[in-house]
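In case you want the letters, here they are:
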Protein chains: 2
Amino acid sequence: MGNPYYECPLPVTIPPAKPFLESIKLGIKETLFPDDPFRQFKNQPASRKFILGMQYFVPILEWAPRYTFEFFKADLIAGITIASLAVPQGISYASLASLPPIIGLYSSFVPPLVYAMLGSSKDLAVGTVAVASLLISSMLGKEVNPNENARLYVQLALTATFFAGVFQAALGLLRLGFIVDFLSHATIVGFMGGAATVVCLQQLKGILGLVRFTHGTDLVSVLRSVFSQTHQSKRKPCFFWINAMAPMMSVIVGSVLVYLTNAEKYGVQVEGVAVGRSFAMFKNYHIDGNKEMIAFGMMNIAGSCVSCYLTTGPFSRTAVNFNAGCKTAGSNIVMAAAVMVTLLFLTPLFHYTPIVVLSSIIIAAMLGLIDYEAAIGLWKVDKCDFIVCVSAYIGVVFGSVEIGLVIAVTISLLRMLLSVARPRTFLLGNIPNSMIFRSIDQYPIANNIPGVLILQIDAPVYFANANYLRERISRWIYEEDEKLKSTGGSSLQYVILDLSAVGSTDTSGISMFKEVKKNIDRRGLKLVLANPRSEVIKKLVKSKFIESIGQEWIYLTVGEAVAACNFMLHASKSNNQVADEFDAHNNA
Amino acid sequence: MGNPYYECPLPVTIPPAKPFLESIKLGIKETLFPDDPFRQFKNQPASRKFILGMQYFVPILEWAPRYTFEFFKADLIAGITIASLAVPQGISYASLASLPPIIGLYSSFVPPLVYAMLGSSKDLAVGTVAVASLLISSMLGKEVNPNENARLYVQLALTATFFAGVFQAALGLLRLGFIVDFLSHATIVGFMGGAATVVCLQQLKGILGLVRFTHGTDLVSVLRSVFSQTHQSKRKPCFFWINAMAPMMSVIVGSVLVYLTNAEKYGVQVEGVAVGRSFAMFKNYHIDGNKEMIAFGMMNIAGSCVSCYLTTGPFSRTAVNFNAGCKTAGSNIVMAAAVMVTLLFLTPLFHYTPIVVLSSIIIAAMLGLIDYEAAIGLWKVDKCDFIVCVSAYIGVVFGSVEIGLVIAVTISLLRMLLSVARPRTFLLGNIPNSMIFRSIDQYPIANNIPGVLILQIDAPVYFANANYLRERISRWIYEEDEKLKSTGGSSLQYVILDLSAVGSTDTSGISMFKEVKKNIDRRGLKLVLANPRSEVIKKLVKSKFIESIGQEWIYLTVGEAVAACNFMLHASKSNNQVADEFDAHNNA
């Protein structure tokens, strides 16, 4: 039946079915090992494989033998630089987590040593981070009051750290690190901004010198707490404000200075794995996200056993490490040593650190996290991402950190599910003087082919969108038919589905194609497929759909499908009317 | 810079940005009104709009004025036919839901009347269904024992029906009926098969004449219940089996007869909306799923107020209605009338219906739901769908109905998320004697172009797959580089990304493109884009990526991109080597 206008370069190929086990193996490899971490092991003798394996799991074995004095000099400078950040930040963030300052210092001592052995990033500086600290205090604070039952609270924090480590290591070992990818960039901008706002609000306690303070993290509780105390001090409100003014001014001035010098303004980034990865890109080496997850997990498991709480790779400190010229993870060892010296000799001094200084350190670090420029960028490029971002922010600031997280993840997933459930379909037209067919929406110059409706389905067809696509295609056909009837032109004869963008499908998708064919047949039209892809054509063959449509009605390109339709239209009419129409359109 | 080999038919067009509100309006329309239900209202005077609106919401106003005696004769026969099914099934399913038989009959009286007014399907027969009945007894049975506290149990069942109706009507009014699409065909085959198995197992009580029986629905509890009772009757096991034998034989013979005559074998289908829709397709009229949801919701709300429990449109009865030649929803009115007569005059008779008869009615109806042929079809076409189906089945049979539902929905969603998170990337090659480029995997005849790596991304780029795609593209480049180095051929110069299948993207996707470009630049290669689609190119422009790549490096087709790359390679070499290589490949 299908008798194309001109010679096809090639019919659509049906690839041979792969054995089930092989395709499962390939699927698992692509899902869990997309970066092919074991490619260096291929074609190596067993002894070499063992050494490579040890170096793979304990990277220090790889770089330590090549360690030079040059490297050491660079790492020493970088290590001392980041230690000078680690000490005050460690103390501040520990107070944010309602933990004793000493635990913040411990956390900058053991985990960096573990990471130096197991981690594969050369630039990552290990330490505690503000958002995780806030999460700890807001979640554990609900169960145990850190002021009344400090010992139990610390134990709970260390247990939480241990299980966080186990969870990280398990995700890494099971190669499930990609789950983290489901937090979109927009979600993270909103969430981090919200968390930073909350952290800053919490600092009002230290800055205003308030004694009693809410345990809630939301804006309403905090403002109520602040205003009720100023209200209670109603008799001498001036004194209260004078008391608060000096430290507040110092914080404001300090923060403005930090902001102007841009010291913390490295933009918002997912902390941890993504941090290592972004810096690895600068130096052009590769980071295996799942292996890093294992390193982070081991570092938290080991840390929790020696009184360290949750640590990761903070972006700001890693950037400082990078700029200070670190060469290997050795800078983490130097930092750990410097922190140890601090612990041994300088701890008594920290007893006298005023809370307001800690608060200002935290606020200074937090201002860089409120990335309003990124939010503006989101608004410009993708309104929907902006809405996700703002929802996450509002959820964190007005609800709680958990509510914010849940809202952010839910909206992101819903948005993705919605985009899967509602793929676009486009009407294609012929670009003049070519065999190319493109969407008429995008290329208004493209021409309709009389009697032929060409639709492009713009996404994989799955159960979630099969019903929608069936309805949408039937609406396209109905509308085209109505249009042709009203203009009195030639009636619709062929429906070409361009499957170029349909990467895969499932049994619901196959049912959709069958129903679309039935519907088209009932209208007395003919269904033609163009460029079905490997996965799709395999399933069309297995489900016997190909027999019902006829392999001669499946073409490699839309151009060939149209040529074949035109040939048939031409053959069915007694004169050259159709071909003339086509040529006239082409030359228009 | 971009200086193509031959004249482009057209550069890639950047469509003008749509106003924000207009694009939101379009998005909402495509998401919630994909079938454009109000298209008939366009360009009509106000009075006509009012009449159409009334007919839209109360379809009986549309068909009743045109009702003829011919229609009535057809509906009368069909209505009496389905009433003869509705009475025994109503009683049986009520017993399955642990409700008094009379409630099963009521449920075939009021809801069909409501549906006849509000429903838009001409073929749907309203009534109770086995799976929903099972769900009611298994869920409510946990809270209230129907034997000990029958009155409370009935009240609970009616309240549940009311809220189910409210939920259905709300989904329909909010045009969120598409949420149902997220239950895949495979899930439903497995879930319905599992539920049918469980229902049949429950009938062992009636068939074996057991007195005490488990309230659990899982296989283990039921078998334990059956064997413990046969065990207790150990002293006269023969008598037990003789007692059980006669009814069991009648059920077996009856079921085999039903199976052979194929009366119930209409295959598994989502009940309710999908049922109406499939029959509407036969008669070539359109069903608005969301409007049907509202009709079902109203019918359950009204029903629950007059002692009817959950009803929907069962597939088997609808098929009988269709085959009996119904013309309008009038057949439901006839059925309701027939059931009313039964209620008035024949109710006393049902008191003597033996349980074993009810059990056999249920088993006969259930056998059609265990659609092992569909499961075999799933295995043949899509292994992954088969796994989803089997998991749902096992979850229902060995766990509980709720566990089965949760497993089924979770696996379906996970599978879809995974497919979004791991889109395929393909290496493209040139189909000899053409400008067509296709996957080398699918078309082994396709040739590599020396010095040019052509990759096709096979799905929309979102936050969930942006990281993966970046890693995967960098691995493709690394591998191609290694291969070229090892064969000593010409080195890699250009990377062409074919974006034909990338229907849309978000800000994470744009970041991915930026990072891929940085990575390619660092390797001293050149990134070229082919056929970016409307949504993608808009975002590339807004994010200024287009300026960094240069619009002259974006081509309408892969063929033109390759031609331009070859031209540049050619210009950079002193002789015709590259062009010769290309021609040699093309003629190979």
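Rules behind the numbers
Position numbers for residues start from 1 in each chain and track the written sequence from start to end. As a convention, the first chain written is A and the first ligand written is 1, with the rest following in written order. Given that the model is predicted, a residue must reach a pLDDT of at least 70 before its local features are reported, and side-chain atom pairs must reach 80 or more before they are shown or counted; all residues, however, enter totals for whole chains, interfaces and linings. In computing side-chain properties, one takes all heavy atoms of the structure into account and sets aside hydrogens as well as water. Put simply, a salt bridge is a Lys or Arg side-chain nitrogen that is within 4 Å of an Asp or Glu carboxyl oxygen. Under the scheme used here, helices are H or I runs from DSSP no shorter than 4 residues and strands are E runs no shorter than 2 residues, and both carry numbers assigned from the N terminus. Accessibility here uses a 1.4 Å probe with only protein chains present; expressed as a share of the type maximum, an area under 20% marks a residue as buried, one over 50% as exposed, and anything in between as partly exposed. UniProt positions are given in the numbering used here, feature names are shortened, and annotations may be inferred rather than shown by experiment. Every residue pair with non-hydrogen atoms within 4.5 Å of one another is taken to be in contact. Summed over both partners, buried area is the accessible surface (1.4 Å probe) that two parts give up on being assembled. To line up the copies, we fit them by least squares on C-alpha atoms, keeping just the residues with pLDDT of at least 70 in both. In this scheme, strands are said to pair when DSSP sees at least two bridges between them. Structural elements are reduced to axes, namely lines fitted to C-alpha atoms, with helices fitted over the stretch in contact, and the angle between N-to-C directions of any two is expressed from 0 to 180 degrees.

Peer 1: Sorry if this is basic, but what is going on with the pattern of salt bridges here?
Peer 2: Pairing is possible between side chains of opposite charge, provided their charged atoms come close. Counted under the stated rule, the structure contains 22 salt bridges over all chains. Its salt-bridge partner being A:Arg475, residue A:Glu479 comes within 3.0 Å of it at the nearest N-O pair. On the criterion of helical spacing, the pair formed by A:Glu479 and A:Arg475 is a turn pair, its members being 4 residues apart in helix α21 (residues 463–487). Given the relative accessible area of 28%, A:Glu479 is considered partly exposed. Since its relative accessible area comes to 5%, A:Arg475 is described here as buried. B:Glu515 is paired through a salt bridge with B:Arg470; the nearest N and O atoms lie 2.3 Å apart. With a gap of 45 residues between them, B:Glu515 in helix α22 (residues 507–522) and B:Arg470 in helix α21 (residues 463–487) connect regions that are remote in the sequence. Accessibility expressed as a relative area gives 13% for B:Arg470, which makes it buried.

Peer 1: Which parts of the structure should I look at to understand the UniProt feature "domain: STAS" (unreviewed entry) in chain A?
Peer 2: With numbering aligned to this structure, UniProt lists the feature "domain: STAS" (unreviewed entry) at residues 442–565 of chain A. As annotated, residues 442–565 of chain A has a helix share of 51% and a strand share of 15%, and its two end C-alpha atoms lie 24 Å apart.

Peer 1: Whenever I open this one, the interface of chain A and chain B confuses me. Can you help?
Peer 2: In many reports, interface size means the accessible area that the parts give up when they come together. Counting from both sides, the interface comprises 90 residues of chain A and, opposite them, 91 residues of chain B. Taken over both partners, the interface formed by chain A and chain B buries close to 8200 Å², and the fraction arising from carbon and sulfur atoms is 58%. Note that A:Asp458 and B:Arg533 form a salt bridge whose closest N and O atoms lie 2.8 Å from each other. Within the residue set of the side of chain A that touches chain B, elements represented by two or more residues are α1 (20–32), α13 (273–283), α18 (372–381), α19 (383–399), α20 (401–421), α21, α22 (507–522) and α23 (534–542) of chain A.

Peer 1: Is there a simple way to think about the relation of the copies chain A and chain B in this case?
Peer 2: Superposition of the two copies of the chain requires a rotation about an axis and a shift along the axis. For the pair chain A and chain B, the relating rotation is 180 degrees, the translation along its axis is 0.0 Å, and the fit reaches an RMSD of 0.1 Å. Overall, the copies show the geometry of a two-fold rotation axis. Ranked by how close their C-alpha atoms come to the rotation axis, the residues of chain A are headed by A:Ala501, at 2.0 Å.

Peer 1: Quick question: what am I supposed to make of the sheet that holds strand β6 (residues 554–555) of chain A here?
Peer 2: Backbone-to-backbone hydrogen bonds pair the strands of a sheet. The strands run either parallel or antiparallel. Residues and elements named next belong to chain A. If you walk across this open sheet you meet the 6 strands as β2-β1-β3-β4-β5-β6, and the pairing is mixed. Across the chains shown, the open sheet's two edge strands, defined by having one partner strand only, are β2 (437–439) and β6. Sheet analysis places strand β1 (residues 425–430) next to β2, joined by 3 bridges and oriented antiparallel. Its bridge partner lying in β2, glycine 429 is registered against arginine 438. Where α21 meets the sheet, its contacts fall on β1, β3 (452–457) and β4 (494–498), and the angle it forms with β3 comes to roughly 155 degrees.

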